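Secondary and tertiary structure notes
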Amino acid sequence: MPDDVFKALADPTRRKILDELTERNGQTLFEICARLTTKHGLGSSRQAISQHLAVLEAAGLIRTRRQGRYKFHDLTTEPLERIVTRWLKPDAPENTP
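Read on for an overview of the structure. Each chain has its residues counted from 1, running along the sequence as written. Local features in a predicted model are, by the rule used here, given only for residues with pLDDT of at least 70; side-chain atom pairs are given and counted only at 80 or more, and totals for whole chains, interfaces and linings are based on all residues. Only heavy atoms go into the side-chain values, all of them from the structure, while hydrogens and water stay out.

Before going further, it helps to examine the packing of aromatic side chains. Note on aromatic pairs: the rings of Phe, Tyr and Trp (six-membered ring only in Trp) are paired at centre separations within 6.5 Å, and the planes decide the class, stacked below 30 degrees, edge-to-face beyond 60, tilted for the rest. Taken as a whole and judged by the stated rule, the model has two aromatic pairs. Residues F6 and W87 carry aromatic rings whose centres are separated by 6.0 Å and whose planes lie at 35° to one another, so their mutual orientation is tilted. Of this pair, F6 sits in helix α1 (residues 2-10) while W87 sits in helix α5 (residues 78-88), and the two are 81 residues apart along the sequence. The class of W87 is partly exposed, set by a relative accessible area of 48%. For the pair Y70 and F72, a centre-to-centre distance of 6.4 Å together with 45° between the ring planes defines the contact as tilted. Think of it in three bands: residues with accessible area under 20% of the maximum for their type are buried, residues over 50% are exposed, and the middle band is partly exposed, with areas taken using a 1.4 Å probe on protein chains only. Classification of Y70 by relative accessible area gives partly exposed; the value is 43%. By the criteria applied, helices consist of DSSP H or I runs no shorter than four residues and strands consist of E runs no shorter than two, each listed in order from the N terminus.

Given below as structure tokens:
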């Protein structure tokens, strides 16, 4: 699990996508592309952003849901919480020898 999360977080575009979903959750691909272009000056294609979203979804950092013909992307923080528990909370039961 952590390897996928770290791989997903290693790319600056994916981190910007997560920032945008933190600011406004439940966006479509079109909305994410528009925000990345206007706020961050990224000129990535919709296909490239879609591939970044697939990596984030595989790592469990986002979930997708369909409503009609639209696909919405929602931030999921559980993988990050597991990392925090592992290294920043040494008294957690998972880390006890």
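A separate point is the pattern of salt bridges. When a carboxyl oxygen of Asp or Glu lies within 4 Å of a side-chain nitrogen of Lys or Arg, that pair is called a salt bridge. A full pass over the atoms with the stated rule returns seven salt bridges. Ionic pairing is found between E20 and K39, a salt bridge with its closest N-O pair at 3.3 Å. With E20 in helix α2 (residues 12-23) and K39 in helix α3 (residues 29-40), this residue pair connects regions lying 19 residues apart in the sequence. Among the ionic pairs, K39 bridges to E23, the shortest N-O distance being 2.9 Å. Of this pair, K39 sits in helix α3 while E23 sits in helix α2, and the two are 16 residues apart along the sequence. What emerges from the salt-bridge pattern is a single network uniting E20, E23, R35 and K39.

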